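Coordinates in review
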Amino acid sequence: MTQTTLETTTVAAGLPQVSHPRNPGMALDMDWVMGAQANTSAIERRCATLPGRRTVKKEYQAAWLARAISCIDLTTLAGDDTPGRVKRLCAKAMQPVRADLLEALGLPDLTTGAVCVYHEMVPYAVEALAGSGIPVAAVSTGFPAGLSPYPLRVKEIEESVKAGAEEIDIVISRRHVLTGNWQALYEEMKDFRAACGEAHVKAILATGELGTLRNVARASLVCMMAGADFIKTSTGKESVNATLPVSLVMIRAIRAYQQVTGTRVGYKPAGGISKAKDSLVYLSLMKEELGDRWLRPDLFRFGASSLLGDIERQLEHHVSGAYSASWRHAMA
Amino acid sequence: MTIPEIFETMEYGPAMEDASEAHAWIAKHEGRFGHFIGGAFTAAGESFATRNPATGEDLAHITQGTQADVNAAVDAAAKAFPRWSKLSGHQRARHLYALARLLQKHSRLFAVLETMDNGKPIRESRDIDIPLAQRHFYYHAGLAQLRDSELPGHQPLGVCGQVIPWNFPLLMLAWKVAPALAAGNTVVLKPAEYTSLTALLFADICREAGLPKGVVNIVTGDGATGAALVDHPGVAKVAFTGSTEVGGKIREATAGSGKALTLELGGKSPYIVFDDADIDSAIEGLVDAIWFNQGQVCCAGSRLLVQENIAEDFHARLKARMANLRAGDPLDKCIDIGAVVDPVQHAQISRMVSENTAGETYHAPIDMPSTGCFYPPTLITGLEPADRLMQEEIFGPVLVSSTFRTPGEAVALANNTRYGLAATLWTENVNLALDVAPTLAAGVVWVNATNLFDAAAGFGGVRESGFGREGGWEGLLAYLKPADAGKPVKPAKVHAPGEADFEGIDRTAKFYVGGKQARPDGGYSRPVHGHRGALLGHVGIANRKDIRNAVEAAQKAAGWGKTTGHLRAQILYYIAENLGARAGEFADRIRAQTGRSAASAREEVEIALSRLFSYAAWADKFDGAAKSVPIRGVALAMNEPVGVIGAFCPEEAPLLGPVSLLAPAVAMGNRIVLVAGESAPLSATDLYQVLDTSDVPGGVVNILTGSHSELAKPLATHMDVDAVWSFSSADISGVIEAGSAGSLKRTWVNNGRNPDWFGATVEGKAFLRAATEVKTIWVPYGE
């Protein structure tokens, strides 16, 4: 059934690749932006019924959970982060699941998709992950509110790239969306993208603060037109973070953008995804709405910190047949 | 496949629902089922196999019900009726509540059994059919509790014969059984022969719930068994869901029998997408519209109408979505498209699609099971209204599509059909949605959604999709009748001529058609004599062409239905004002025609004035409802005019009769063709002068005189008449009901018994309900 070609994945299974052709962006097309619609109740119905329409069992479930791990941006974004804490996180990213379990699953080289930290922690993460092939992502541009001086926000990107971050998670100015200043949003995103240079840029829309799903759809399109490689739901700091309805709106925007431009943009839901089962629903949502090509870490990431723990326990259950306990798995 | 392989391919893999409990239940019955009569299963008789359409496997043997079986079941129901109907509402509510609880407790068994017997995906039976059936029993437990206090003056009908289809076996059972029991009736239900198993499991549940013996009886079998049930003289009401063809036959078979009837029949429901819609959501909606239950849904949005400027993009995206549907074993939890119910149905779908040469046919390029009864999701674009597949119901996973340019054209195309069950429209413009929804010929309209159902919201159609509503208070009323049965009518008394004593200038009453006086087409008139034989005048003898002309005039006055209730009230008051000014003259006319006392004649005029006032009052007060459905949104039950009503007036009240019929009809926005009583027609014809001076637009009220027996058939068979009422003394109830079968219009006939026109109980909601169709408009919302 799958006809997609995986032109970018060439190395051993499990190794995440950040080698997808980048989104060159396009001129701001306001007719398209303003024509975007999002019917909330219909979108909610689709999301409510999806878990009943698709499910994976047994070895399929185990394989899908392993796939979910490969797409995790293992994250710490706390005020009390220290080099030691980040080092521990990086160790977990490289060995996300107990070795005997990975052996049993036949996926000994499984790692997470990336490690995501604040700028100050980038050098420690880069050092800890050296040689692993796992990229470091830095949140940037005055994360999480994005209200620090504009030149400093641009500069922050450049500093993080200089420090070795291969992916930059920027936050957009929500006020541009809320005031309908799409041109300003477009310019901002273009500037951020330019500042990233070779690093890939993920645009955090902070959907919990955008008011409507229609705004989410429009902001998604504008950020893609301005060259975002990924669009991402949330900082994890808003009161409402990733939800299925918001995800559906964003990935439909990604699909529309691909249909028009031929360019694939990635998607990253972040915040609030903590259960293995949730990750399976997200994967099936991606598979249904965008296709199998979006089930790879170069086009799909989970922004999550506690999700991995739940998946580990499910995988042990799959291997042993007995329900697991959290203390049997190494902490991040 | 190994985990590393799946890790690469990311396929779903099988996710089979365990069917062992369902097989165990069948085995417990030794794979052979008798009927459920009088609280017990009968021994299995001559039987046929019921199959799993996905595998072809025989599941069990079902008994073919005979006339004797039907007799036994109706007898059992009749025997149970007196006690059951006399239980308090609360006691019946307890029984319905117990049934709801047991359905819930055995929900997975019901779901698995349904999927095995019918072929529908387990997701649908598990998440939709069975929960909705439970909800129906819970809701009707409530209606049973409230019936006595909220619907005084009503009583149950008796034994209800219910025949249900195979597409939603348990859900249709719930829709039929729950309201019947809530109202106090007992039932004999005949499930479809392809899908009897969940009804038989329900019989088990009835025993478990301690339902009194004979309250629910289930007789299995094919159409012959159903016909025996429909024809049984002990049945007081027939409720049928199924094809329009069979519905028409049932209408003919029950005509004149006095049996109440509700029919929920076929459809070719439009699915309208305006250019400002959320296109992806509208496409996802189509999955729920036409690929729900393999398209074997009477209200399936099967006729796609897309605005021309987005059609190309819409069809491209729709095809992409179709390629993601998964067909396969319906017990797999990951399946969208299960099996069609039977090879017969599969052959019918295949034939209709292969015989079509118009447009472009696209079958979803998906893996289809190599065995079993499966048909691929199909889209046929570029069809025109004249193409057969735009008009005929396919009842399979086949969507046909056409385009429109303007909202007006969308409505015209949507309504260009024999059917009128449901309609769907997608737009982000609330003005457009709320403007278009009331103009669609359908009993149910979904705005930005499709196939939403709930026990609280009425469901049912107009035109050849049948009549009657299921769900809500309106559905309960279909299982009740007025406690007052009225009195037998007396034959029309046409007075013989006495000595020629005519005085004054010759006056000939004409017909009143389209706001003008009209001579009879045939050129025949007859004299009207007073009770002492005095010649009072002449009236025309209408023939079928006069019926044709009157109906045409009434159809032209369609704008009346769009006027405000306030305006209609004003005009009814004005009629009363002008009638009141001539009260003496009208009283004299009644007296001259009937020989009744002056006081009695005067009283009739006074009551007629009061009746006009009553319906003027009702014109802006017969409110619809916002139903409490379990969604974020509203389900509006709107009372819409029926359209053109043909009505035969009673003999008992020359003036009050026609007024009692025209006033509610006109108040609710209908146009009416009245055929005056035969013994004293001049009061009705005098009335047109009053109408003429009261700003009643031409065509809203049309008045004919003539033989009821001769006019019954042309009026009842007229395809452009929406309902026929008869309070005639002539024996025409059967003729009207039989004649209505051709277009399945609503009928309301007296079966030889009339209410007391001079009393108060004849006035009000019964007439208002007959003069309206409940349209349920679902508007989910959220930003």
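Here is what the cut-offs are and how they apply
Residues numbered from 1 in each chain as written. Chains lettered and ligands numbered in written order. Predicted model: local features only at pLDDT ≥ 70, side-chain atom pairs only at ≥ 80, totals over all residues. Helix = DSSP H or I, 4+ residues; strand = E, 2+ residues; numbered from the N terminus. Rg over C-alpha atoms; globule rule 2.2 N^0.38 Å. Buried ≥ 20, exposed ≤ 12 C-beta atoms within 10 Å, placed from the backbone. Contact = placed C-beta atoms within 7 Å. Core = buried A, V, L, I, M, F, W, Y, C linked by C-beta atoms within 7 Å. Pairing = 2+ DSSP bridges. Axes fitted to C-alpha atoms, helices over the stretch in contact; angles between N-to-C directions. Right-handed = clockwise from strand over helix to strand, strands pointing away. Parallel < 35°, antiparallel > 145°, perpendicular 65-115°, else oblique. Left-handed = near helix turned anticlockwise from the far one by under 90°. Nonpolar A, V, L, I, M, F, W, Y, C, P; charged D, E, K, R; others polar. Expected span 1.5 Å × (residues − 1). pLDDT = per-residue confidence, 0-100.

Helix and strand counts for chain A come out as 13 helices and eight strands. Here the C-alpha atoms of chain A give a radius of gyration of 19 Å, agreeing with the 20 Å that 2.2 N^0.38 yields for 332 residues. When its C-alpha atoms are laid out on the principal axes, chain A stretches across 55 × 45 × 40 Å. For chain A, the residues scored as buried account for 57% of the 332 residues in total. Across chain A, contacts joining residues at least 24 apart in sequence account for 77% of those joining residues at least 6 apart.

Attention now moves to the overall build of chain B. Scanning chain B from N- to C-terminus turns up 26 helices and 35 strands. Whereas a compact globule of 783 residues would reach a radius of gyration of roughly 28 Å, chain B reaches 28 Å, a difference of no more than 12%. Each principal axis of the C-alpha atoms in chain B carries an extent, and together these give about 105 × 60 × 45 Å. Per-residue burial over chain B gives 58% buried out of 783 residues. Looking at chain B alone, contacts between residues at least 24 apart form 74% of all its contacts between residues at least 6 apart.

What follows is about the nonpolar core. Core analysis: the biggest nonpolar cluster contains 367 residues, and Val115(A), Ala125(A), Val136(A), Ala203(A), Ile231(A), Leu572(B) and Leu674(B) have the highest contact counts within it. Here this core gets twelve residues from one element, more than from any other, and that element is helix α7 (residues 169–183) of chain B. Those residues in contact with Val136(A) that sit more than four places away from it in its chain are Ala114(A), Val115(A), Val117(A), Val122(A), Ala125(A), Val126(A), Leu129(A), Gly164(A), Ala165(A) and Glu166(A). Counting residues in each nonpolar core, the second largest holds seven residues, with Ala509(B), Val539(B), Ala592(B) and Ala680(B) among its members.

Moving on: the sheet that holds strand β16 (residues 398–404) of chain B. All names here are of chain B. On the basis of which strands lie adjacent, the open sheet formed by ten strands has the order β14-β15-β16-β13-β12-β17-β18-β35-β28-β27 and mixed pairing. The open sheet terminates on both sides in strands that have one partner only, identified here as β14 (360–363) and β27 (625–627). Shown here is a sheet whose adjacent strand axes are inclined to one another by a mean of 20 degrees, direction ignored. Across four bridges, β14 lies against strand β15 (residues 378–381) in antiparallel orientation. Bridging across to β15, Glu360 finds its partner in Thr381. Taken strand by strand, helix α15 (residues 407–414) contacts β12 (269–273), β13 (301–307), β16 and β17 (422–426), and its axis lies near 145 degrees from that of β16.

Next up on the list: the sheet that holds strand β5 (residues 58–63) of chain B. Residues and elements named next belong to chain B. Taken together, the three strands give an open sheet; going across it, the order is β1-β5-β4, and neighbouring strands pair in mixed fashion. On the outer flanks of this sheet lie β1 (32–33) and β4 (47–51), each paired with one strand and no other. Bridging between β1 and β5 involves two bridges; their strand directions are parallel. Bridge assignment links Arg32 to a residue of β5, and that residue is His61.

A separate point is the pairing of strand β31 (residues 701–704) of chain B. Residue and element names in this part refer to chain B. Going residue by residue along β31, you find Val701 and Ile703 tucked away on one face and Asn702 and Leu704 tucked away on the opposite face as well. As paired elements, strand β30 (residues 671–675) and β31 share four bridges and run parallel to each other. Looking at β31, one finds that Val673 is bridged to Asn702. The parallel pair β30 and β31, bridged by helix α23 (residues 682–692), forms a crossover whose chirality is right-handed.

Side chains on a regular strand alternate between the two faces of the sheet. All names here are of chain A. Burial analysis of strand β4 (residues 167–171) places five of its five residues in the buried class, the great majority of the element. Of the two faces of β4, the one holding Glu167, Asp169 and Val171 and the one holding Ile168 and Ile170 are both buried throughout. Of the pairings in the sheet, the one linking strand β3 (residues 136–139) to β4 comprises three bridges and is parallel in character. Across the sheet, the residue bridging to Ala137 is Glu167, located in β4. Handedness of the β3-helix α7 (residues 150–162)-β4 crossover: right-handed. Pairing geometry for β4 and strand β5 (residues 200–204), over five bridges, is parallel. When the bridges of β5 are listed, Val171 appears paired with Ile204.

All names here are of chain A. As a packed pair, α7 and helix α9 (residues 182–196) sit with axes 8 Å apart at the nearest point and diverge in direction by 25 degrees. Comparing the axis directions of α7 and α9 gives the class roughly parallel. Handedness of the α7/α9 crossing: right-handed. When α7 is examined against α9, the residues Val154, Ile157, Glu158 and Val161 are found in contact with a partner set consisting of Asp191, Phe192, Ala195 and Cys196. For the contact of α7 with α9, the class distribution of residues is six nonpolar, no polar and two charged.

What follows deals with the interface of chain A and chain B. Taken together, the contacts link 35 residues of chain A with 34 residues of chain B. Elements supplying a minimum of two residues to the side of chain A that touches chain B: α2 (40–53), α3 (58–70) and α12 (276–289) of chain A. No other element matches the nine residues that α2(A) contributes to the side of chain A that touches chain B. Considering only residue class, the side of chain A that touches chain B consists of 14 nonpolar, nine polar and twelve charged.

Within the element layout of this structure, Val240(A) appears in the loop between β6 (230–232) and α11 (244–261). Here the alpha-carbon distance between Val240(A) and Gly272(A), two residues 32 residues apart in the chain, equals 8.3 Å.

Here we take up the packing of helix α6 (residues 122–150) of chain B against α7(B). All names here are of chain B. Direction vectors running N to C along α6 and α7 enclose 5 degrees, while the axes themselves pass 8 Å from each other. In terms of axis orientation, α6 runs roughly parallel to α7. Each of Asp129, Ile130, Leu132, Ala133, His136, Phe137, His140, Leu143, Ala144 and Arg147 in α6 lies in contact with α7, whose residues at this interface are Leu170, Leu171, Ala174, Trp175, Ala178, Pro179, Ala182 and Ala183.

A few words now on unusual backbone geometry. Between Phe143(A) and Pro144(A) the backbone carries a cis peptide bond, its omega angle lying at 5 degrees. By the element assignment, Pro144(A) lies in the loop between β3 and α7.

So, about helix α4 (residues 83–94) of chain A. Look at α4(A): 17 Å from first C-alpha to last across twelve residues, which is about the 16 Å you get at 1.5 Å a residue. Of the surrounding secondary structure, the elements contacted by the buried residues of α4(A) are β1 (72–75), β2 (114–117) and α6 (122–128) of chain A.

With 99% of its residues at a pLDDT of at least 70, chain B reaches an overall mean of 97. Taken together, the chains of this predicted complex give a pTM of 0.96 and an interface ipTM of 0.94.

Bringing helix α22 (residues 656–667) of chain B into the picture now. Two residues of an α-helix separated by three or four positions point the same way, owing to the 3.6 residues in each turn. Residues and elements named next belong to chain B. With twelve residues, α22 extends 16 Å from end C-alpha to end C-alpha; this agrees with the ideal 16 Å at 1.5 Å per step. Burial analysis of α22 places twelve of its twelve residues in the buried class, which makes it a mostly covered element. Directly beyond the C-terminal end of α22, a positive phi value near 95 degrees is found at Gly669.

The next thing to look at is the environment of Ser85(B). Residue and element names in this part refer to chain B. Looking at the element boundaries, Ser85 is found in helix α3 (residues 67–86). Take Ser85: there are 17 C-beta atoms within 10 Å of it, and that puts it in the partly exposed class. Along the sequence, Ser85 and Ala182 sit 97 residues apart, while their C-alpha atoms lie 9.4 Å from each other. For Ser85, the residues in contact, after removing those within four places along its chain, are Pro156 and Gly184.

Residues and elements named next belong to chain B. Mapped onto the secondary structure, Ser125 falls in helix α6. Taking the C-alpha atoms as reference, Ser125 lies 25 Å from Gly443; in sequence the two are 318 residues apart. Not counting residues up to four positions away in its chain, the partners in contact with Ser125 are Ala111, Glu114, Thr115, Lys120 and Ile130.

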